[in-house]
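# Analysis of the macromolecular model
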Amino acid sequence: MPELIKVDARGMACPGPISALTRAYRKAKNGDTIEVLATDPGFKPDVQAWVKRTNNELIELTEEGGVIKAVIKVTGKRG
Amino acid sequence: MKKVLILGGGGGGAILANLLPKEEFEVTVVDRDEYHVFQPGNLFIAFYGDSVEKYRRPIRSLLKPHVKLIRDEVTEVNLNDRKVKLKGDKSLEYDYIIIATGANLDFDAIEGNRELLESYGDFYSTLENAEKLYKTLKEMREGRFVIAIADPIYKCPPGPHKGAFLSSTLFERMGVDVDVVLALPFPHAYPSKTISDIIEPELEKRNIEVHTFFTVDSIDVEKKRIYSLEGEELEYTVATVIPPHEGPRYKVEPSEVKDDSNYLKIDKYTCLIEGFDDAYAIGDCTNAPTSKSGVTAHLQAEVVAERLQGFDARYSGRTNCPLITDGMGLFIISDYDHPPIPVRLSRFKRLLEDLFVATYWDAIRYPELWQPIFHAYFEATSPAKLGERGW
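Residues numbered from 1 in each chain as written. Chains lettered and ligands numbered in written order. Predicted model: local features only at pLDDT ≥ 70, side-chain atom pairs only at ≥ 80, totals over all residues. Heavy atoms only, no water.

### A few points about the overall build of chain B
Looking only at helices and strands, one finds 11 helices and 22 strands in chain B. For chain B, whose C-alpha radius of gyration is 21 Å, the value lies close to the compact-globule estimate of 21 Å for 391 residues. Its C-alpha atoms put chain B at 65 × 45 × 35 Å along the principal axes. Taking the intrachain contacts of chain B between residues at least 6 apart in sequence as the baseline, contacts between residues at least 24 apart amount to 61%. Accessible surface, chain B as shown: approximately 16100 Å² in total, 47% of it carbon and sulfur. One finds the centroid of the 47 positive side-chain charges in chain B at a distance of 5 Å from the centroid of its 63 negative side-chain charges. (Helix = DSSP H or I, 4+ residues; strand = E, 2+ residues; numbered from the N terminus. Rg over C-alpha atoms; globule rule 2.2 N^0.38 Å. Contact = heavy atoms within 4.5 Å. Areas by Shrake-Rupley, 256 points an atom, 1.4 Å probe, with all protein chains shown as cover. Lys, Arg positive; Asp, Glu negative; His and termini not counted. Charge placed at Lys NZ, Arg CZ, Asp CG, Glu CD.)

Right, here's the structure in full:
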């Protein structure tokens, strides 16, 4: 069953949010969705670069009230 | 007399034990090992060939005579009943407890990592493994020496970089053609972009190959390849992979005080374990959002010593992580309110680090004498003071 994994990285300084995403990604499997909330402005370019590098899918990247929300569909994990 | 029980005789535990006045406190330290290890010494053993003896002392010799030392292993801590069980069947009671048993390195979490450690050693876990890595590197004539990381949360954030710089100098001294490869889980060459911008040219100058977004997933020791979670692979001749860390494995009641990596959940300022007013945790065994480093343990020990004597001391989150190359150094200086400040690599800062190494044993044994000197340093170099001007 695909799962929705939520990562709350609000308040963490760079590279806290990407590290939190990496830790969640280790446990994730293809088909899962990871939702990350972050307040560090560096997270936006970092998550875009990360998704590109890892061949995952960035479904949503929004910013509201200083909170960046990234929704990632896990597609890039090796079998 | 208040009964204080300190689990762990490393930097944090020993400094705290030595700071508590004997007129007011009956202090007991428990440690499973005979020796206190100066962990940065691993680097000097692995890359300079220093002797193991230089970086360890019997814990007993570092504690003041009135501090009681029990050599045993903790099996259970019950914060509700104020009781600690030891492997040797003994049980201890306390008025105040401080957990300072450090982080565990889990070499079995990543496929192939234990074989890698057993084949080559490392500059990270024990003095003996550092000695082994030095022997391994001295045999190398060509190929690739890879330093990689399995989880973004590890002790001493600049450790891998120091390993890369110092090994590149070692190979240069040996006159051999070995490529040094540094693979990191971060978007840049250092967790902090500010520091990354400073050290990237230095890494480049020394032809150190840097791979970003590389978090080790598994190691194939037959094919000599390291695979990353991000989907890439690296070939190695000799490699060392910093394993995932975790908090103490022994049972702690109530279990809610540990997070999902076994780290003890503390208030980041007071170091009190969540939900308790008589139990603290300091150093690498906590979930405090700061670097896992000796300076953290040291400053938290001072905070707890003050609090036990009735003062409202708070830890600022200050870090002072040294990043050294062969002749130069810088300090990564930050606190809870400030990200790492810009710093320049300099010969002077490397000398400050060498001075610290030389004073280490004395600073543990007589923290009260060294406190004013350290305080003057920390105040003069505080992120609020140096700010954007840098150092």
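### Some details on the pattern of salt bridges
One pass over the structure, following the stated rule, counts 32 salt bridges over all chains. The residue Glu202 of chain B makes a salt bridge to Arg206 of chain B at a minimum N-O spacing of 3.1 Å. Given a relative accessible area of 14%, Glu202 of chain B falls into the buried group. Through salt bridges with shared partners, one network takes in Glu3, Lys29 and Asp32 of chain A. (Salt bridge = Lys/Arg side-chain N within 4 Å of Asp/Glu carboxyl O. Buried < 20%, exposed > 50% of the residue type's maximum accessible area, 1.4 Å probe, protein only.)

### Focus: the confidence of the model for chain A
When pLDDT is averaged along chain A, the result is 93; 99% of the residues meet or exceed 70. Per-element averaging of pLDDT across chain A places helix H1 (residues 16-27) of chain A at the bottom with 93 and strand E4 (residues 67-73) of chain A at the top with 97. (pLDDT = per-residue confidence, 0-100.)

### So, the sheet that holds strand E9 (residues 96-99) of chain B
All names here are of chain B. With respect to topology, five strands assemble into an open sheet ordered E5-E2-E1-E9-E20, the strand pairing being parallel. A strand with exactly one partner marks an edge of an open sheet, and here the two such strands are strand E5 (68-71) and strand E20 (279-281). Direction aside, the axes of adjacent strands within the sheet are offset by 20° on average. Bridge count for strand E2 (residues 25-31) against E5 is four bridges, and the pairing is parallel. Directly across from Asp31, in E5, lies its bridge partner Arg71. Contacts from helix H1 (residues 11-19) reach strand E1 (2-7), E2 and E9, with the element oriented near 160° to E1. (Pairing = 2+ DSSP bridges. Axes fitted to C-alpha atoms, helices over the stretch in contact; angles between N-to-C directions.)

### Structural notes on H1 of chain B
At 3.6 residues per turn, the α-helix brings residues three or four places apart onto the same side. In terms of burial, H1 of chain B is largely enclosed, as eight of its nine residues are buried. What H1 of chain B keeps buried is the set Gly12, Gly13, Ala14, Ile15, Leu16, Ala17, Asn18 and Leu19 of chain B.

### Thoughts on helix H2 (residues 41-48) of chain B
All names here are of chain B. Here H2 lies mainly inside the structure; seven of its eight residues are buried. Within the span of H2, buried status applies to Gly41, Asn42, Leu43, Phe44, Ile45, Ala46 and Phe47. Residues of H2 that are buried make contact with helix H5 (127-139), strand E11 (142-149), helix H6 (159-174), strand E21 (319-324) and helix H9 (347-365). Among the residues trailing H2, Gly49 stands out with phi positive, at a value near 75°.

### Here's the deal with the interface of chain B and chain A
Interface size is often expressed as the accessible area that is lost when the parts come together. Taken together, the contacts link 23 residues of chain B with 16 residues of chain A. Together, the buried faces of chain B and chain A total about 1700 Å²; carbon and sulfur atoms form 53% of this surface. When the buried surface of chain B facing chain A is broken down by residue, Phe213, Leu229 and Glu230 of chain B rank first, second and third, together holding 36% of it. Between chain B and chain A we count four salt bridges in total. Applying the counting criterion to the chain B and chain A interface returns six residue pairs in polar contact (both at pLDDT 80 or more). Elements supplying a minimum of two residues to the side of chain B that touches chain A: strand E14 (216-220) and strand E15 (225-228) of chain B. Its residues placed into classes, the side of chain B that touches chain A shows 12 nonpolar, six polar and five charged. (Buried area = accessible area lost by both parts, 1.4 Å probe. Polar contact = N/O pair within 3.5 Å; in protein donor to acceptor, adjacent residues only side chain to side chain. Nonpolar A, V, L, I, M, F, W, Y, C, P; charged D, E, K, R; others polar.)

### Here we look at the environment of Phe374 of chain B
Residues and elements named next belong to chain B. Turning to its location among the elements, Phe374 is positioned in helix H10 (residues 367-380). Residue classification places Phe374 among the buried positions, given a relative accessible area of 13%. Excluding anything up to four places from it in sequence, Phe374 contacts His298, Phe356 and Ala363.

### Structural notes on the pairing of strand E12 (residues 177-183) of chain B
Residue and element names in this part refer to chain B. Across the seven residues of E12, five count as buried, placing the element largely inside the fold. As paired strands, E11 and E12 are joined by six bridges and run parallel to one another. By the bridge assignment, Phe145 is partnered in E12 with Val180. By the bridge criterion, three bridges tie E12 to strand E13 (residues 209-211) in an arrangement that is parallel. Counterpart to Val181 in the pairing with E13 is Glu209. Note that the unit made of E12, helix H7 (residues 193-205) and E13 has a crossover that is right-handed. (Right-handed = clockwise from strand over helix to strand, strands pointing away.)

### Some remarks on the sheet that holds strand E1 (residues 4-9) of chain A
Sheets are built from strands paired through backbone hydrogen bonds, the pairs being either parallel or antiparallel. All names here are of chain A. With mixed pairing, four strands are arranged side by side in an open sheet as E1-E2-E4-E3. Among the strands making up the open sheet, the edge pair consists of E1 and strand E3 (57-64). Going across the sheet, the axis of each strand differs from the next one's by a mean of 15°, ignoring polarity. Here seven bridges tie E3 to E4, and the two strands are oriented antiparallel to one another. Note on E4: the bridge partner recorded for Leu58 is Ile72. Along the sheet, H1 contacts E1, strand E2 (33-38) and E4; its crossing angle with E1, the most-contacted strand, is approximately 155°.

### Considerations on the domain arrangement of chain B
Residue and element names in this part refer to chain B. Assigned domains within chain B: domain 1 (2-103 + 247-389) and domain 2 (107-245). For domain 1 versus domain 2, the separation of C-alpha centres amounts to 26 Å. Approximately 2900 Å² of surface area, both sides summed, lies buried where domain 1 meets domain 2, with 71% of it carried by carbon and sulfur atoms. Run the count over domain 1 and domain 2 and you get one salt bridge. (Domains from an automatic or database assignment.)

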